[in-house]
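# Tertiary structure, described
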Amino acid sequence: MLNIFSALSKSPTNPQVARKVSTYDVAELFEGPIPLAETGAGAAPALDEKLRQAYFWMVNHAIISPHYDIEYNLAPPATFVVGDVGTRLTLPSAQSYSSYVLLPLLTFATRSKCLFVGGPGRGKTASALLMGVLAGYAPREVRRAMQHGHPQMTIADLLGNPLPADLVNAQSMEDIRIAWRPWLGMRVKVIDEYNRIPTRTQSALLTVMGDNYAEVLSHIYECPDAAWYLTANDDAGGGTYQVIEALRDRIDVIVQALSFNPRFLGELLLRIEENVKPEEVVPPEIVFTPAEIDQMVRDIRGVAVPEPVRRRIEFFASQFELFESAGEQFEYMTKDTARLSGVDWAQAVAADQGRDRLKDLGCQTVNGLSVRNLMTLLKFAKALAWFRGSGEVELEDVRQILPFVLNDKLHQDPDAPYFALPENAAYRADRLSWLRELFDGSNAEYDRLDLDRNDPVGDLSAEFELGLHGLEPREVRSRLTRIERLVAELGKGRKLYGPLYDDLLKLKYLHQRYTNYLLWLQSR
Amino acid sequence: MPVSTPLATLLADRRTALNAKVASARTRNPAFDTQAFSAFIAGPFDQLLGAVLAARPDGGAAFVDTGFDMVIALVEHGWAGDRDHSGVVRRVWTDLAPRLAVQIAANPRETLGALSNSAIKLAGEPGVRIDDWLNRLTLLGPHTGSPAQLRHLAAMAAWRSGAAHLRDAALALPLSPEIASVAVGARRDADWGELVNAFKANRWWTPDRSAPADGYRIGAFTGLGGRFPEPPKLAVLGDAFILSSAGQYFVLDADAYGAGLRMIDAVRGAAATPATLATMANGRQIRADDRLVSCRWPQDGLAVAMTSDTVAVVSAWSHQVQVFARALP
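In short, a report on the structure. (Residues numbered from 1 in each chain as written. Chains lettered and ligands numbered in written order. Predicted model: local features only at pLDDT ≥ 70, side-chain atom pairs only at ≥ 80, totals over all residues. Heavy atoms only, no water.)

Once that is clear, we can look at the overall build of chain B. Broken down by element type, chain B carries 13 helices and 12 strands. Sorting the 329 residues of chain B into buried and exposed places 53% on the buried side. In chain B, 60% of the contacts between residues at least 6 apart in sequence involve partners at least 24 apart. (Helix = DSSP H or I, 4+ residues; strand = E, 2+ residues; numbered from the N terminus. Buried < 20%, exposed > 50% of the residue type's maximum accessible area, 1.4 Å probe, protein only. Contact = heavy atoms within 4.5 Å.)

With that out of the way, let us pick up the packing of helix α18 (residues 456-465) of chain A against helix α20 (residues 498-523) of chain A. Helices that pack against each other are described as a pair by the angle of their axes relative to one another and the distance between those axes. Residues and elements named next belong to chain A. Relative to each other, α18 and α20 sit at 30°, their axes nearing to 10 Å. Put simply, α18 runs roughly parallel to α20. The handedness of the crossing between α18 and α20 is left-handed. Residue-level contacts link Val-457, Leu-460, Ser-461, Glu-463 and Phe-464 of α18 to Asp-503, Lys-506, Leu-507, Tyr-509, Leu-510, Arg-513 and Tyr-514 of α20. When the residues that make up the contact of α18 with α20 are grouped by side-chain class, the tally is 7 nonpolar, 1 polar and 4 charged. (Axes fitted to C-alpha atoms, helices over the stretch in contact; angles between N-to-C directions. Parallel < 35°, antiparallel > 145°, perpendicular 65-115°, else oblique. Left-handed = near helix turned anticlockwise from the far one by under 90°. Nonpolar A, V, L, I, M, F, W, Y, C, P; charged D, E, K, R; others polar.)

Residue and element names in this part refer to chain A. A cluster of nonpolar side chains, namely Phe-80, Val-82, Leu-89 and Leu-91, defines an oily patch on the protein surface of about 350 Å² accessible area. Elements supplying a minimum of two residues to the nonpolar patch: β1 (78-82) and β2 (87-91). Here Leu-91 is to be found in strand β2. (Patch = residues over 30% accessible without salt bridge, like charges linked within 9 Å, V, L, I, M, F, W, Y side chains within 5 Å. Areas by Shrake-Rupley, 256 points an atom, 1.4 Å probe, with all protein chains shown as cover. Salt bridge = Lys/Arg side-chain N within 4 Å of Asp/Glu carboxyl O.)

Before going further, it helps to spend a moment on the sheet that holds strand β1 (residues 216-218) of chain B. Residues and elements named next belong to chain B. Spatially, the 5 strands line up as an open sheet ordered β1-β12-β11-β10-β7, and their pairing is antiparallel. If you trace the sheet from one side to the other, it starts and ends with β1 and β7 (276-277), each paired once. Both β1 and strand β12 (residues 321-325) contribute to a ladder of 3 bridges, which runs antiparallel. Counted as the bridge partner of Tyr-216 is Val-323 from β12. (Pairing = 2+ DSSP bridges.)

Next up on the list: the nonpolar core. In terms of nonpolar packing, the biggest core is built from 113 residues, with Met-58, Phe-108 and Tyr-194 of chain A touching the most fellow members. With 9 residues, helix α1 (residues 47-62) of chain A is the single largest residue contributor to this core. With 78 residues, the next largest nonpolar core counts Leu-48, Ala-73, Leu-100 and Ile-120 of chain B among its residues. (Core = buried A, V, L, I, M, F, W, Y, C linked by side-chain atoms within 4.5 Å.)

Further remarks concern helix α11 (residues 307-317) of chain A. Since the α-helix packs 3.6 residues into each turn, any two residues three or four apart lie on the same face. Taken together, the buried positions of α11 of chain A are Val-309, Arg-311, Arg-312, Ile-313, Phe-315, Phe-316 and Ala-317 of chain A. Turning to α11 of chain A, the residues buried within the fold contact α14 (371-387), α15 (395-406), α17 (431-448) and α20 of chain A.

We now examine the sheet that holds strand β7 (residues 188-192) of chain A. Residue and element names in this part refer to chain A. Pairing within the open sheet is parallel, and its 5 strands lie in the order β4-β7-β10-β3-β11. This sheet does not close on itself; its edge strands, each paired only once, are β4 (147-148) and β11 (253-256). Strands in contact with helix α7 (residues 199-211) are β3 (113-117), β7 and β10 (227-232); relative to β10, the strand with the most contacts, it is inclined by about 145°.

Here the focus is the packing of aromatic side chains. Residues and elements named next belong to chain A. Applying the stated criterion across every chain yields a total of 31 aromatic pairs over all chains. Between Tyr-55 and Phe-387 the ring centres are 5.7 Å apart and the planes differ by 75°, which places this aromatic pair in the edge-to-face class. With Tyr-55 in helix α1 and Phe-387 in helix α14, the pair connects residues that are 332 residues apart, well separated along the chain. Summarising the burial analysis for this pair, Tyr-55 and Phe-387 share the class buried. Clustering of aromatic rings is evident, with ring pairs tying together Tyr-55, Phe-56, Tyr-72, Tyr-97 and Phe-387. Over the ring of Phe-288 we find Lys-50; its NZ or CZ atom is 4.7 Å from the centre of that ring. The ring centre of Tyr-72 lies 3.7 Å from the NZ or CZ of Arg-388, which sits over that ring. (Phe/Tyr/Trp six-rings, centres within 6.5 Å; stacked < 30°, edge-to-face > 60°. Lys NZ or Arg CZ within 6 Å of the ring centre and 35° of its normal.)

Turning our attention to the pairing of β3 of chain A. Residue and element names in this part refer to chain A. For β3, the tally of buried residues reaches 5 of 5 residues, placing the bulk of the element in the interior. Judged by which residues are buried, β3 turns out to be covered on both faces: Lys-113, Leu-115 and Val-117 on one side and Cys-114 and Phe-116 on the other are all buried. Examined bridge by bridge, β3 and β10 share 5 bridges and lie parallel to one another. Each residue of the ladder has a partner; that of Leu-115, found in β10, is Leu-230. Of the pairings in the sheet, the one linking β3 to β11 comprises 4 bridges and is parallel in character. Bridging across to β11, Val-117 finds its partner in Gln-256.

One can find Asn-197 of chain B in helix α12 (residues 192-201). In this structure the C-alpha to C-alpha distance between Asn-197 of chain B and Leu-171 of chain B, which are 26 residues apart in sequence, comes to 9.4 Å.

Right, let's talk about the pattern of salt bridges for a bit. Pairing between side chains becomes possible if they bear opposite charge and their charged atoms approach one another. All names here are of chain B. Scanning the entire structure with this criterion turns up 41 salt bridges over all chains. Salt-bridge contacts for Asp-58 lead to Arg-56; the nearest nitrogen and oxygen are separated by 3.4 Å. Accessibility expressed as a relative area gives 62% for Asp-58, which makes it exposed. Two residues, Arg-262 and Asp-253, come together in a salt bridge whose shortest N-O distance is 2.8 Å. According to the relative accessible area criterion, Arg-262 is buried, its value standing at 13%. Residue classification places Asp-253 among the buried residues on the basis of a relative accessible area of 12%.

So, in structure tokens, the structure goes:
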């Protein structure tokens, strides 16, 4: 067999501009064409470099995936207009990535949950299998541990059986031993065709996915932290059973298996002729130990999110929850209120007046973002930045990762006027591009409002963050006055949009904190 | 090409696996030079196998398995063929390696691989005297007891042969004191700790007082294989010399054993203090602390800078820099 499939990309896989060359490491003397094991040249690479090597190995040898849909640019990219409709094709000027490979790897590095969607035979299960091999399991072990959803799948099939002898002889539940399924103890868990699992069994799966333990006959099995991979032929309800919403909500990212480009048929042919199965030839250099995975999780958590980036995420998230006609009290003017009340959506929307429904990004969705969504977004933005070798998240990292996190989380309102425009019709099907467009629209509005330089609510928040300790009553009253003045100014003659709504709620929060503090000072 | 019987036997035993390795290399790199590969296998590789088998009769298989990969790597990068202009890699395999057959038989990659890599690296350093380096390794290498000791010696010998940037690292290496002392030109029974202190006290000191009085000239026009597109400008940053040429910045490392250049980032380089115009003592010499040093450049366009122990001179008419001790120890 040719061992081209075990060749790894040479480090550095994402070369950065050298910043300093003033010190010399003697190990550099022995770096060269011959790889060594005991010198710096052959020493274990940093974990981000190792993950990049895993990525490039998968892209180059394991998954024939020519779709580079996560685009980065160092300079303006070359853009071409193709066809009569004016479709744009861009050639990125910096290292760009294939989401189908990158997202599962980031899921692996953050121990999150990833759903592969796409038609049969697109390599969804094979990709999940590779992730298990990267975690150090033998391919056969991963295959055996993989849970295949089917309409008759019971909780016992999924989690484990009570031992028959114990069932007969036991005097109490504690006496019954459970034969737990081995997959529960694995650090990579694969559920194939999860939308074919019956609803009741889905609930048991939800407990494992959400709370990391399994329960059978009052016996508990605590599972280790793990990366999860689920596959579904059709995420839009094409499975045998409707997937319960809580289970869908536990999924952190969704990646779509894109179509195979026949131009790469030669590589498929080579695999057949050489009898190569990628999972059998994973280079040991890219297999991660449990300790390394623990360290990756810690490293990723340590990536900084600079305030300007965080503010733009806040501004984006503010766009979607406001639904003025859903509530009378200010706090309840949300889409959640409308949804929970069960009112007819179309009627509620018709009553929602006063906003420019084309311009308001919030009018394109039927829901807002949950805390879990935002936490996942931050986690994956950090992971992407870390994967690219950066110590802090850039706005482009957020822009690139956001569609994959919010896909199936932020739901379109198909009747929104925005989608009726011919140029936006494609967004009804292409949700990833729509979500990216939403984020771009939010950033354009952020720039228009010049919030990087002029953010009075942010200034008041920053002042509050310094703490209340030692503040004199006179200063507290002064701040309360400033808040009231700002509320009056913001509310004067302006339509209520999502970000303004959240700003006003934040000001109310600050006002309440200062009021409570002032009352406490006066009571002493 | 004909090869020795032991090599022919070992190759025949591994025919499928070794053919796959070459096929893999050709797939990765269509320009893989099979002729150069065959010549290297039949030449230096086969000769070295003979030495390895003489040192360790059961070491042939391990050497062939690992050595084959090393030769592929060298050929892929051109170092077993056209790119090895000076023949340094070939000399490592033919002149030096047979003297180290015992060490190579025990661990081919960490010994021969490391030496091949370092030879390639040093061949790219204009100030390094490769012959000196090879001679020192040939003399002292057989006395090293482990791959790590051999690499320490290689680094020490590189410093002693002109790689001035390795000075600090070499003085900190945990090399056997006897070997280290001989490597720097001292007696075998010299006190290595005292030698280190003496080296640290004055970069122009050597046990055999071998520092050249006129120092070293280093640098050349890029068109002639050097580092400077235009005559370099000299500056001082702390106790280091900084040279700049066409927007590129270099640190000048120099001591009694040699001089070399390392590129640094522009931000650091731009912070240096420019050199002052120099005045020649008698039209042909520059004044150091305790003596006059020959200088072949004209007075016009001459600039000089000093650190605590070293003087550097550049000329608007040359792509070289001259560096010498302020006071000879």
